[in-house]
Amino acid sequence: MDATGNDLHHGGNLAAAEERFGRPRQGWLDLSTGINPAAYPLPALPPEAWARLPDGAQIAALLAAAQDHYGVPDRGCIVAAPGSQALIQWLPRLMHSPATDTTVAVLTPTYGEHARSWAGAGFAVDPVADFSAVTDRHTIVVLANPNNPDGRQIAPDRLLALAGRLAARGGLLVVDEAFADLTPRLSLASAAGRPGLVILRSFGKFFGLGGLRLGFALGPAALIDRLADALGPWPVSGPATRIGAAALTDSAWIAMTRQALANATQRLDALLTGAGLSLVGGTDLFRLVEHPAAPTLFERLGRAGILVRDFPERPRWLRFGIPTESGFDRLSESLNGWTSHKDRNASDVRA
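Within any chain, residue numbers begin from 1 and follow the written order of that chain's sequence. Given that this is a predicted model, residues contribute local features only at a pLDDT of at least 70 and side-chain atom pairs are listed and counted only at 80 or more, while totals for whole chains, interfaces and linings are drawn from all residues. To get the side-chain values, take all heavy atoms of the structure and skip hydrogens and water.

(A) Up close: the overall build of the protein. Comment: elements are numbered from the N terminus, with helices defined as DSSP H or I runs of at least four residues and strands as E runs of at least two. Secondary structure summary: the protein contains 12 helices and 13 strands in total. Taking 20 Å as the expected radius of gyration for a compact globule of 351 residues, we find that the protein reaches 21 Å, a close match to that expectation. Along the three orthogonal principal directions, the C-alpha set of the protein runs to about 60 × 50 × 35 Å. Burial status across the protein gives 54% buried among its 351 residues. Here the analysis covers contacts within the protein between residues at least 6 apart in sequence; of these, 72% occur between residues at least 24 apart. Accessible surface computed for the protein: about 15,100 Å², of which carbon and sulfur atoms make up 52%. His is not counted here, nor are the chain ends, while Lys and Arg score as positive and Asp and Glu score as negative. In this description, the location of a charge corresponds to atom NZ of lysine, CZ of arginine, CG of aspartate or CD of glutamate. Averaging the locations of the 32 positively and 33 negatively charged side chains of the protein gives two centres separated by 2 Å. Radius of gyration: over C-alpha atoms. The globule rule applied is 2.2 Å multiplied by the number of residues raised to the 0.38 power. A simple rule labels every residue: compare its accessible area, found with a 1.4 Å probe on the protein chains alone, to the largest value its type can have, and call it buried under 20%, exposed over 50%, or partly exposed in between. A contact between two residues is defined here by any heavy atoms of the two lying within 4.5 Å. Only the protein chains shown count as cover for residues, and all accessible areas are computed by the Shrake-Rupley method using a 1.4 Å probe.

Take a look at the structure:
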């Protein structure tokens, strides 16, 4: 955890998992991230996609596809970046030098890089646990909708009202919509361009291509221009422009994937609750559960080659990503063994 009380512990670190648990004979079943396990099928790319810098036409095609997919009203209100993480780090640096009375409210618990990036840029960060705790003393407000790790949702009209109040005093609402492809009704993308509102979108999570490093910022044209200048003339790779444009315009795959993930989530919920774990929340890319013996279960799963997301600051929590078909079988076997094992009991939790 950082000084603001936000989690900086990330999923997907298989090297660290192998140091702790050893290398599993079956290979890792990595459920520690919220990335779709059934990735978008990669199109064949011409050799020049790898050999040449992406030109303006390729970037324009990517932005057109993203504009249509997200429902952004104006092309000048969207910019592409090498992952939303880059935008999370750049945005605080591009704001005016923080005044002594500038306080950034970060709705927690959430992705810890938000608080870290604003604090690193010199802003005072105030972690708030509830949306109603945001007050007039907060000049900038940062939140995720739906939230990671608990899936918390805030109605768009409440967010737009807050953005309006912040804009009236020169403030900003930053909404991380990394998981909004699963619930497009929550997205504020159609309001992109309004003063006081910036929206961050992640490509890799829903499309299962986190390694591609592609994300987008939606916001007022002046701020988007500043982000574009900061990112430089080739903000994303040639392969990312082509793959991103193809995926974002593939409406059939998008619809099929939303339904498949919804079905897989129901199956995972049944498996987790059947093992005695209490469902806290989540999205159709991850589920958050609670149990007194969560640390012991984390260890047991790790020794079986199944990596889930633990939360050292909230030791009763575990987050499970969506497994593949074979992954469901492995997880079910491990949870069934745990259910009948003595270490399911809270008394077995290690300090």
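Once you've had a look at it, read on.
(B) Seen up close, empty space enclosed by the protein. Here a cavity denotes grid points, spaced 1 Å and computed from the protein atoms alone, that fit a 1.4 Å probe unable to get out, and a pocket denotes an open set having protein on both sides within 12 Å along at least 5 of 7 lines; residues with an atom within 4 Å of a point are the lining. Grid points are joined across faces, edges and corners, and a volume is the space filled by probe spheres set on the points. Counted according to the given criterion, the structure contains 1 cavity of 30 Å³ or more. Around the largest cavity sit Ile-88, Leu-91, Pro-92, His-114, Ser-117, Trp-118, Val-174 and Leu-200, which together line it. Within the residue set of the lining of the largest cavity, elements represented by two or more residues are α4 (84-94) and α5 (113-120). Think of it as three bins: nonpolar holds Ala, Val, Leu, Ile, Met, Phe, Trp, Tyr, Cys and Pro, charged holds Asp, Glu, Lys and Arg, and polar takes everything else, Gly as well. The residue makeup of the lining of the largest cavity, split by class, is 6 nonpolar, 2 polar and no charged.

(C) A look at the sheet that holds strand β10 (residues 286-290). Here we have 4 strands laid out as an open sheet, ordered β9-β10-β13-β12, and antiparallel in their pairing. Each having just a single partner strand, β9 (278-283) and β12 (309-310) make up the two edges of the open sheet. Two strands are counted as paired when DSSP detects at least two bridges linking them. Bridge count between β12 and strand β13 (residues 317-321): 2 bridges; the pairing is antiparallel. Along β13, the bridge assignment pairs Asp-310 with Leu-318. The sheet strands contacting helix α10 (residues 251-274) are β9, β10 and β13, and the helix crosses β10 at an angle near 15°. Think of each axis as a best-fit line through the C-alpha atoms, taken over the contacting stretch in the case of a helix, with angles from 0 to 180 degrees between the N-to-C directions.

(D) Representation of the sheet that holds strand β3 (residues 103-107) within the structure. The strand order across the open sheet formed by 7 strands is β2-β8-β7-β6-β5-β3-β4, and the pairing between neighbours is mixed. The open sheet has two edge strands, β2 (78-81) and β4 (124-128), and neither has a second partner. On average, adjacent strands in this sheet sit at an angle of 20° to one another, irrespective of strand direction. One ladder, built from 4 bridges, connects β2 with strand β8 (residues 215-218); its direction is antiparallel.

(E) Quick peek at the nonpolar core. What is meant by a nonpolar core is a set of buried Ala, Val, Leu, Ile, Met, Phe, Trp, Tyr and Cys residues, joined one to another through side-chain atoms within 4.5 Å. Of all hydrophobic cores here, the largest spans 53 residues; its most connected members are Leu-143, Leu-173, Phe-207, Phe-216 and Leu-248. It is helix α3 (residues 56-70) that provides the largest number of residues to this core, a total of 6 residues. Sequence-distant contacts of Leu-248, defined by excluding residues within four places in its chain, comprise Leu-62, Ala-65, Ala-66, His-69, Tyr-70, Phe-203, Phe-207, Phe-216 and Ile-254. Core analysis: the next-biggest nonpolar cluster, separate from the first, contains 27 residues, Ala-264, Leu-271, Ala-294 and Phe-298 among them.

(F) Here's a closer look at the layout of surface pockets. What the largest pocket holds in volume is close to 740 Å³. Together, 40 residues line the largest pocket, and His-10, Tyr-111, Asn-148, Phe-179 and Lys-205 are the ones closest to its centre. For the lining of the largest pocket, the leading source of residues is α4, giving 3 residues. Tallied by class, residues from the lining of the largest pocket come to 13 nonpolar, 18 polar and 9 charged.

(G) Region of interest: the packing of aromatic side chains. Only Phe, Tyr and Trp rings take part, Trp by its six-membered ring, and two of them pair if their centres are within 6.5 Å. Stacked means planes under 30 degrees apart, edge-to-face means over 60, and tilted covers everything else. The tally for this structure, following the rule as stated, stands at 12 aromatic pairs. With centroids separated by 5.4 Å and ring planes inclined at 15°, the aromatic side chains of Phe-207 and Trp-253 adopt a geometry described as stacked. Of this pair, Phe-207 sits in helix α7 (residues 204-207) while Trp-253 is found in helix α10, placing the two residues 46 residues apart along the sequence. In this structure Phe-207 comes out as buried when scored by relative accessible area, which is 0%. Pairwise contacts between aromatic rings join Tyr-40, Phe-203, Phe-206, Phe-207 and Trp-253 into one cluster. Here, a charge over a ring means that NZ of Lys or CZ of Arg falls within 6 Å of the ring centre while also lying within 35 degrees of the ring normal. Above the plane of the ring of Phe-328 lies Arg-267, whose end atom (NZ or CZ) is 4.1 Å from the centre.

(H) Up close: unusual backbone geometry. Of note, the bond from Thr-108 into Pro-109 is cis; its omega dihedral lies within 30 degrees of zero at -5°. Within the secondary structure, Pro-109 is located in the loop between β3 and α5. In this structure, the amide linkage connecting Asn-148 to the following residue, Pro-149, adopts the cis form with an omega of 20°. Here Pro-149 is to be found in the loop between β5 (140-144) and α6 (156-168). Positive phi is not limited to glycine here, since Arg-213 has a value of about 60°. For Arg-213, the position within the fold is in the loop between α7 and β8.

From the geometry alone we can't say anything about function, so treat these as descriptive.
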